[in-house]
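Each chain, written out:
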Amino acid sequence: MKNPLRDREIAIIGYAETRIERRSGKTAYELAGEIMDQIAQRTGVVPADIDGLATVQTHSEAANPFWAPFLGDHLGLSLSWTQTSGNGGASPAGNVARAAAAIQAGLCEMVLCCNADAANTRQRSDQRSYRTDFVEPVGLQGPPSYFGFIMRRYMEKHDLNFEALGKLAVEQRKGALTNPNICETFNKPITLEDYLTSRMVAEPLRLLDAVMRCDGANGVLITTTERARKMGVGKMVHPTAFAELTNFDVHNQTPDVTETGFSVVGPSVFEKAGMNHGDIRMAHLYDDFHIATMMQLEQIGFCGRGGGSDFILGTDISPTGSLPLNTGGGQISSGQPGLAGGGVQLIEAVRQMFGEAEGRQVPDPSTALVSGIGCINYVRNWSVSAALILEQGA
Amino acid sequence: MTDTQVRTRPLPQPWKLTEPFWEATRNAKLIIQYDPAVEKYQFYPRSVSIFTGRSNLEWREVPGKGTLYSFTDIHVAPPGFEDLAPYMIGVIELDEGVRMMTPLQGITMDAAVLGMRMRVCWQKLSDKITYPAFEPDR
């Protein structure tokens, strides 16, 4: 399979992340400005050095159809390539691959991937198609309701041990307590009992199964490895494989909703990287709901179908364990910065690879799997599945 | 609607594509798009067949019977539904081989079993909108 990323020609040379907050009162522009400021401060790169901008569609600025030009102008960027990705939580990981492809195609040389959304301050998105007639009038409470359906089908097909989901909740919260960027709401430990007795949202899905929408931003700076070396960059991370699938199994009108695009994307990304799951030193899996993390572990191939509960209970997923997982708290224990949320996983992986995850540093962060999930289809599962493999550079 | 008013349950906003569906439900009829070229139904309504990409779709009336594919009990309700919570929503697999998500009626969480037979029933939400729901087909 063709994979121009595998030669490590592309490098992530800087990362940035804001604090995640409830009702920050900020705009996505201000949040993006914090990213630009951190990137400039840490890498020495100035706006004039940047000729590509990849960003994500947001809840807060969705009404602006000129988002990338506006954002670039706000940050002082003159651009030969822009990208606005509307793949929800799969956009930040996907934009790393899109930026790399644009650089390799000669369209630009240095890309700021900037994901910013003040989704909890300002909600301006409006999703039509089937939603106005066939979803909203039913009383569906957004993604939690869909995941209620999905969990029930999973429970019908497989043994679901809620203590395994509870372990994800407790372990991720432990990581969050070492992460200064988490939303203040999550700055306290939780127990398995707290998880098992948290209030029902969409039965069988509980409050502590789910993310909370917040405001926040994150970003990475990407260029060629050659240019990074010329710049004298000390730390870099190479994206070496990427796979994405939107609208899995779309022609099947009665699909098994416990199967997702990861059943394709998981094997595909490993084949492209020339790796298998045993080569992955840490996993940063998109966690809008803990059941989604479990399903990804199964479908990406860390364990068999239905084996997620036993795998989680039998695996040390702490930073020093055999498969460190969502070490900074994931989104469930950090807060979901709107449609910049996928960046929570991406940034934590890069931070670990830069050796800067203080208090939760993974001893060997040489390889990482980062995933993204975006949008939900009508009575199906999530629309977009994305998987990115990162390798630590020298 | 102003911010100070209590939000009411959102109603469908029929467009050209979905108007026939809502016209049928006003008369307690359930119609589903059908592609005669591949002899398959599809739901939700679209502008083309997902199988052929062509627009030669027909509306066909169906009996509104099927099985319960999944269900949930909504405890935290969206705006306009607060007074109803907790309430059940189901995914119904129609005998024609498509799935619909609708409110459930005449059933409790204890009595709901995946695979049970269900039939369409109707909720009159306004003069213009009669919404399909499903209840046990006893």
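Residues numbered from 1 in each chain as written. Chains lettered and ligands numbered in written order. Predicted model: local features only at pLDDT ≥ 70, side-chain atom pairs only at ≥ 80, totals over all residues.

Novice: Would you mind showing me how to read the domain arrangement of chain A here?
Specialist: One frequently used descriptor of interface size is the decrease in accessible area upon assembly of the parts. Residues and elements named next belong to chain A. Assigned domains of chain A: these are domain 1 (10-124 + 214-231) and domain 2 (131-212 + 240-392). Computed from C-alpha coordinates alone, the two centres of domain 1 and domain 2 are separated by 23 Å. Taken residue by residue, the interface counts 33 residues in domain 1 and 35 residues in domain 2. Put simply, the parts of the chain that give the side of domain 1 that touches domain 2 at least two residues each are β1 (10-17), α3 (91-104), β4 (110-117) and β7 (216-224). Looking at the side of domain 1 that touches domain 2, the element that brings in the most residues is α3, giving six residues. (Domains from an automatic or database assignment. Contact = placed C-beta atoms within 7 Å. Helix = DSSP H or I, 4+ residues; strand = E, 2+ residues; numbered from the N terminus.)

Novice: In this structure, what is going on with the confidence of the model for chain B? I would like to understand it.
Specialist: Residue and element names in this part refer to chain B. Averaged over every residue, the pLDDT of chain B is 94; residues scoring 70 or more account for 95%. Low confidence marks residues 1-5, where pLDDT is under 50. Its contacts with residues over four positions away, or in another chain, come to zero contacts. Predicted complex metrics record ipTM = 0.94 and pTM = 0.96. (pLDDT = per-residue confidence, 0-100.)

Novice: How should unusual backbone geometry be read in this particular structure?
Specialist: Peptide bonds are trans in most cases, and residues, glycine excluded, mostly fall at negative phi. Geometrically, the link from A:Glu203 to A:Pro204 is a cis peptide bond, its omega value of 10° lying close to zero. Its location among the elements puts A:Pro204 in the loop between β5 (200-203) and β6 (205-206). Cis geometry marks the peptide bond from B:Ala85 to B:Pro86; its omega dihedral reads -10°. The residue B:Pro86 is located in the loop between β4 (65-74) and β5 (87-94) in this model. Positive phi is not limited to glycine here, since A:Asp249 has a value of about 55°. With respect to the secondary-structure elements, A:Asp249 resides in the loop between β8 (237-246) and α9 (262-273). A:Asp249 gets classed as partly exposed once you count the C-beta atoms within 10 Å, which come to 18. Even without being glycine, A:Asn326 reaches a positive phi, approximately 45°. With respect to the secondary-structure elements, A:Asn326 resides in the loop between α11 (308-314) and α12 (342-353). Judged by the 28 C-beta atoms lying within 10 Å of it, A:Asn326 is buried. (Buried ≥ 20, exposed ≤ 12 C-beta atoms within 10 Å, placed from the backbone.)

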